[in-house]
Every structure is written in structure tokens, then in C-alpha cells.
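# Report on the structure
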Amino acid sequence: MRLTTLRFTTLTALILSASMLTAHGQTQTPPDAVSAPASLYDAFGQQEGIRRLADNFVQRVSTDTRTAPFFKESNLKRVREKIAEQLCVVTGGGCVYTGDSMVEVHKGQGIQVADFNAVVEILQDAMTQQGIAFQDQNKLLAKLAPMYRDMVESPKTPAR
Amino acid sequence: MGNAVPQRVSALHSRFDSHSVLGRHLRLLCAVAVMGASPCVTLAETGKLLLTGGVSSVDGAAGGGISPWAVVGTNATDGQMGYSAYISTLGLPDYRLTTYGAAVAIRNRVEVSASQQDLDASPATGFNALGFSVASGQHIVMNTLGLKVRLAGDAVLDADTWLPQVSLGVLQKETAAATIEPVLRFVGAKTTGTEAYIAATKLFLAQGLLVNATLRYTNANQGGLLGFGSAAPGQNSATWAPEVSVAYLLSRNLAIGAEFRTMPNNLEALGRSAGLGDGLNANHWSDIFVAWAPSKRYSLTAAYVDLGQVVPAITNGRKQSGVYASVQLTL
């Protein structure tokens, strides 16, 4: 029985070490979703890569049957620009986001968690197509995920 | 006490039958699952991200392989319903455990599960040396009805806080041991029991690492397969048994992990006083696993599981470890 405990502890340590190594030494503090080491910006291909990702992503969400309805009336050019700005800020590229707040942009559209998750999957597909490493994808998603609170319709505010 | 040899008359065949309470629940769950395919229900096709609903644990609740987690199973998120069904098998040196079950999830808030564990307990004929009449190739069947409620948090999306997803769960278990039941009576183990647990799960998204801690209030012997409680003084009441799981996402649809589940050891003292030494000793359970979800609909889990000694008195103290495989279908 002592051997089993030792084996489990060793395995847990191995798994934790593996995850730490792939974190590229990034310190795990509860992030405020504002800044990150420049390395993530590099991993996403800096300005050029982020612009390509934003274009790819917007092309997908505006045509995917799960999410297209939400973008029917959108100015897609502006959406592409603002998303590129947002991604630049979040990956530590030093840009300034000049769009409206997440709450403002998504108010009254009746977005559910399932819709949010569909968008996350589409973003994952776009990042994968661009060859971004899985661990780097997750670092970006970790910064974007909490935004669901500003985007998803709460039971108290039904869609208009 | 000591060398008391109970004289058993022909065994009562209290086999599990479909008229028992849990049997009715199992059929009801299947009926709901079938009805749910009708168009009036929103099927959770795209709800959760892959693998974030966990897999079906051995008790039927969503989680790891041997521990229930705080995650609510299936793909259901707000406003949706989800269904899952699974079958698993575990081959050990002296036993084989086959489990199958189904679960229904409502809106990522409530999970109802039902499962049946079927243990090939052939070594139990070893008790016949004590005067029991265990039939050859006897199986022990345990039915579990589970209810889990998510209290707070989102294990995946709350990535900017340390706060985990927390859920409360109850597992109602009923064990049918047929010709082994006199043995359970002799050791004072009841054939029905209730377990409660609180679980906290968090996916550290930036690291792709999931951690779960579960605290289970239980007096079950070997998870309930050998009944609940014990006739030994002070060994009958439930205790808090901690369980820990970690899982690492290698890719969107592949995860590896390890689990450790502590077990009560209520029967060891009784075994000693009955002259069996540590023959009724129980060990903690642990496993390492790989979970693969080729799509939202299917997942496969393979694991190497170590249950430690399971009734060493009739298995010559052999460590019961072996390969586990499970298939889960989710709608």
C-alpha cells in the first residue's frame, strides 16, 4: 500500500512537471487578462499572424451555422480590426483596444454558454489551422474565457 | 468470536431482480434517455468543450475512472439536456468487474446517474472452508443511483480566479450478493448504503491541467461490493475518505491522468477477531489513465488500475491490479 501511494505521488509529480515545463516559465498568478510576456505575442506571429488569425476567425464565425446568425448585421471589417486589436492586447503585443466594451458589444443578443463554447471551438480550429501550438492556444483561451460573463445572457436580462 | 464457525443453511437467493427499487430507477432512466431523442428537447450537441464533462466513473457519476468530479456530465450547458451511457470492464488477477450505466444532465446543473457493477467473485468459494455455501462462479451485483448538483463555479471558463467548480453528490447503493450474502451478514455488512460527497474541480486552462479533490462520506467496503459497515465495534460508522485526481490535456481530445481514492478499512478488525489475520484488509485504490474523445459523441478510456488487496484471505494476498477499458457515448 505504501508503494501504491509512492507510485501515485511520483506520477502526479511527473504530470505536474510536464505541465510546468510547457508553461514556458510563465508565473501562475490569477491573471487580470491585461498583460502577458511578449513570448505569447511571438507565438502567435506578432502583428501579421494576429491579423491573419482575426481574419480567419471572423470568416469562420460569420459562416458557421452555429454562430452566423449573431454576425448577420455586423460590420465584419470592423469586427476583424477590433478582434485583432483585442488579441494583440491579450497576447502582450502592446496594442490599445479602441472598440466598445464586451458588455456593450454583446448586449441583448441572447448569447448562451453553448454559443460561447461554439465560438471557442471555432477559434481553436482557426488557431490549429495556423499551426499554433496547443499549449499556446490554451494560454490565449485562459485570458479570453472569463469574458463569457460579459457576453452570455444572464437569466435576469432576457434577449430583446 | 475466535474460531466460531457459522453453520449456514441453504443460502437465501436474494438475487437482484428488476422489481427492486433501483431496478425500477434503472428502467426509468433508460426510458427518459429514449424519450429525450424526441424533438421537444434541445440535445446538447455543441455545449461543452471536448472532455470537459469528464468520463463516467465506476459509480456512474461523471468524473475520472474511480472518482466522481464536480463537473456535470455529458455535453449539456445552460438550457440543454445531455445523455450519456457507458460500459467498462476491469480485469484483475482474481476478479473481473464489469460496469455499465447511464446519466442524464440538466443544464450543467444537475446530473442523475444509474449504474450497475457486476463483480465476478469466484474466489469467494474460499469462504466455504469456514462453513459457508458460496456457489461456484458467484457474482456480486451492485446498483447505484446517483444525484449530483453543481453548487458554484465553472471548472473551465472561470480562468481568471482560483475558485473551482464545486458540486455536492449522493450515491445510493444496493448490493445483491446471492450465495455470498451470508458472508456479508456474518461480518455485519449491510447490503444497502448511502454515500455523500463534495467535489471541487478546476481546469487550469493556461497549463491544460485539471485537478479534482473529492471528499466522500462513506462506510462502504470495496466501494460497496462487499457491503456497508462492519460488525466490529467502532468500524460501522461512515468516515470522510479523500480522493484526488489530476489530468493533463495533451491535445483537444486526448488527456492523461492519475487518480488516488482512499478506502475505508472497516472489515480488517473483524477479520482479525475471527482468526483471519489481515484477511479482510482493504487498500486504497489508484489508477493512471488515458482518455481519448475522437468526437463529442464518443470517448474511450484505458487505465491501469490498482485496487490493492481485495479480501486477501481468499486471494492469497495477491495485489489486484490490471487493465481497465471503458467506452462512453454522449448525446
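The paragraphs below set out a description of the structure included in this document. Everything numeric in this text was worked out from a predicted model, so none of it was measured.

### Brief notes about the pattern of salt bridges
Counted under the stated rule, the structure contains 24 salt bridges over all chains. Between Arg-66 of chain A and Glu-121 of chain A there is a salt bridge whose closest N-O contact spans 3.0 Å. One end of the pair, Arg-66 of chain A, is in the loop between helix H3 (46-61) and helix H4 (76-90); the other, Glu-121 of chain A, is in helix H6 (residues 113-129), and 55 residues separate them in sequence. Relative accessible area serves as the criterion here: at 27%, Arg-66 of chain A is assigned to the partly exposed category. In this structure Glu-121 of chain A comes out as buried when scored by relative accessible area, which is 10%. Between Glu-243 of chain B and Arg-216 of chain B there is a salt bridge, with its nearest N and O atoms 2.6 Å apart. Linking Glu-243 of chain B in strand S10 (residues 239-251) with Arg-216 of chain B in strand S9 (residues 209-218), this pair joins segments that are 27 residues apart in sequence. There is no split in this pair, since Glu-243 of chain B and Arg-216 of chain B are both buried. A single salt-bridge network, built from bridges that share partners, covers Asp-59, Lys-173, Glu-195, Arg-216, Glu-243 and Arg-261 of chain B.

### Concerning the packing of H3 of chain A against H6 of chain A
Residues and elements named next belong to chain A. Where H3 contacts H6, the axes come no closer than 9 Å and their chain directions differ by 135°. With respect to their mutual orientation, H3 and H6 come out oblique. Crossing angle aside, the handedness with which H3 passes H6 is right-handed. Contacts between H3 and H6 involve Leu-53, Asn-56, Phe-57, Arg-60 and Val-61 from the first element and Val-119, Ile-122, Leu-123, Asp-125, Ala-126, Met-127 and Gln-129 from the second.

### Let's talk about the sheet that holds strand S12 (residues 285-292) of chain B
Residues and elements named next belong to chain B. A barrel is described by the order of its strands in space; here 12 strands give the closed sequence S3-S4-S5-S6-S7-S8-S9-S10-S11-S12-S13-S14, paired in antiparallel fashion. For this sheet, the mean inter-axis angle between neighbouring strands, taken without regard to orientation, is 20°. Here strand S3 (residues 81-91) pairs with strand S14 (residues 319-330) via seven bridges, running antiparallel. Each residue of the ladder has a partner; that of Ile-87, found in S14, is Val-327.

### Here we look at the state of the cysteines
All names here are of chain A. For the coordinates displayed, the defined rule picks out one disulfide over all chains. Two residues, Cys-88 and Cys-95, share a disulfide whose sulfurs are 1.8 Å apart. Because the torsion about its S-S bond is 75°, the bridge between Cys-88 and Cys-95 counts as right-handed. Judged by its relative accessible area of 1%, Cys-88 is buried. Residue Cys-95 is classed as partly exposed on the basis of its relative accessible area of 29%.

### Things to note about the packing of H6 of chain A against helix H7 (residues 134-144) of chain A
Residue and element names in this part refer to chain A. Running from N to C, H6 and H7 point in directions that differ by 150°, and their axes come no closer than 11 Å. Considering their axes alone, H6 and H7 lie roughly antiparallel with respect to each other. You can see that H6 and H7 cross each other, and the crossing is right-handed. Mapping the contact onto sequence places Phe-116, Val-120, Leu-123, Gln-124, Met-127 and Thr-128 in H6 and Gln-137, Leu-140, Leu-141 and Leu-144 in H7. For the contact of H6 with H7, a count of residues per class yields seven nonpolar, three polar and no charged.

### Some points on the side chain of Glu-268 of chain B
Along the chain, the position of Glu-268 of chain B falls in helix H3 (residues 268-273). Residue class for Glu-268 of chain B comes out buried when judged on its relative accessible area of 18%.

### A word on the pairing of S10 of chain B
Residue and element names in this part refer to chain B. In the sheet, S9 pairs with S10 via 10 bridges, with the strands oriented antiparallel. The residue bridging Tyr-217 from the neighbouring strand is Trp-240, located in S10. In this structure, S10 lies alongside strand S11 (residues 254-261), joined through eight bridges in antiparallel fashion. Its bridge partner lying in S11, Val-246 is registered against Ala-258. From the end of S10 to the start of S11, which pair antiparallel, there are two residues.

### A look at a nonpolar patch on the surface
Side chains of Leu-151, Leu-168, Ile-198, Leu-215, Tyr-217 and Trp-240 of chain B sit close together on the surface and give an oily, nonpolar patch of about 560 Å² of accessible area. Along the chain, Leu-151 of chain B falls in strand S6 (residues 139-152).

### So, the nonpolar core
In terms of nonpolar packing, the biggest core is built from 90 residues, with Phe-44, Met-127 and Leu-140 of chain A together with Phe-127, Ile-140, Ile-180 and Val-311 of chain B touching the most fellow members. Per-element accounting of this core gives the leading share, seven residues, to H6 of chain A. Counting residues in hydrophobic clusters, the runner-up holds five residues, among them Ala-70, Leu-171, Tyr-197 and Ala-199 of chain B.

### Describing H3 of chain A
Its 16 residues give H3 of chain A an end-to-end C-alpha distance of 22 Å, which sits within 8% of 22 Å, the value for a rise of 1.5 Å per residue. Within H3 of chain A, burial applies to Gly-49, Ile-50, Leu-53, Ala-54, Asn-56, Phe-57, Val-58 and Val-61 of chain A.

### A word on unusual backbone geometry
All names here are of chain B. Located in the positive-phi region is Arg-107, a residue other than glycine, with phi close to 55°. By the element assignment, Arg-107 lies in the loop between strand S4 (96-106) and strand S5 (110-120). A positive phi angle, near 50°, is found at Ala-178, a position not held by glycine. You can see Ala-178 is positioned in the loop between strand S7 (165-176) and helix H2 (181-187).

### Section: the environment of Ala-199 of chain B
Residues and elements named next belong to chain B. Within the secondary structure layout, Ala-199 lies in strand S8 (residues 192-204). Distance from Ala-199 to Ser-167, taken between C-alpha atoms, is 5.4 Å for residues 32 residues apart in sequence. Filtering out sequence-adjacent residues up to four positions away, Ala-199 remains in contact with Pro-68, Trp-69, Ala-70, Gln-165, Val-166, Ser-167, Asn-212, Ala-213 and Thr-214.

### Notes on H6 of chain A
Residues and elements named next belong to chain A. The end-to-end C-alpha distance of H6, which contains 17 residues, comes to 24 Å, matching closely the 24 Å that a straight helix rising 1.5 Å per residue would cover. Most of H6 is tucked away: 13 of the 17 residues are buried. Backbone geometry just downstream of H6 places Gly-131 in the positive-phi region, at approximately 80°.

Calculation criteria
Residues numbered from 1 in each chain as written. Chains lettered and ligands numbered in written order. Predicted model: local features only at pLDDT ≥ 70, side-chain atom pairs only at ≥ 80, totals over all residues. Heavy atoms only, no water. Salt bridge = Lys/Arg side-chain N within 4 Å of Asp/Glu carboxyl O. Helix = DSSP H or I, 4+ residues; strand = E, 2+ residues; numbered from the N terminus. Buried < 20%, exposed > 50% of the residue type's maximum accessible area, 1.4 Å probe, protein only. Axes fitted to C-alpha atoms, helices over the stretch in contact; angles between N-to-C directions. Parallel < 35°, antiparallel > 145°, perpendicular 65-115°, else oblique. Left-handed = near helix turned anticlockwise from the far one by under 90°. Contact = heavy atoms within 4.5 Å. Pairing = 2+ DSSP bridges. Disulfide = S-S within 2.5 Å. Nonpolar A, V, L, I, M, F, W, Y, C, P; charged D, E, K, R; others polar. Patch = residues over 30% accessible without salt bridge, like charges linked within 9 Å, V, L, I, M, F, W, Y side chains within 5 Å. Areas by Shrake-Rupley, 256 points an atom, 1.4 Å probe, with all protein chains shown as cover. Core = buried A, V, L, I, M, F, W, Y, C linked by side-chain atoms within 4.5 Å. Expected span 1.5 Å × (residues − 1).

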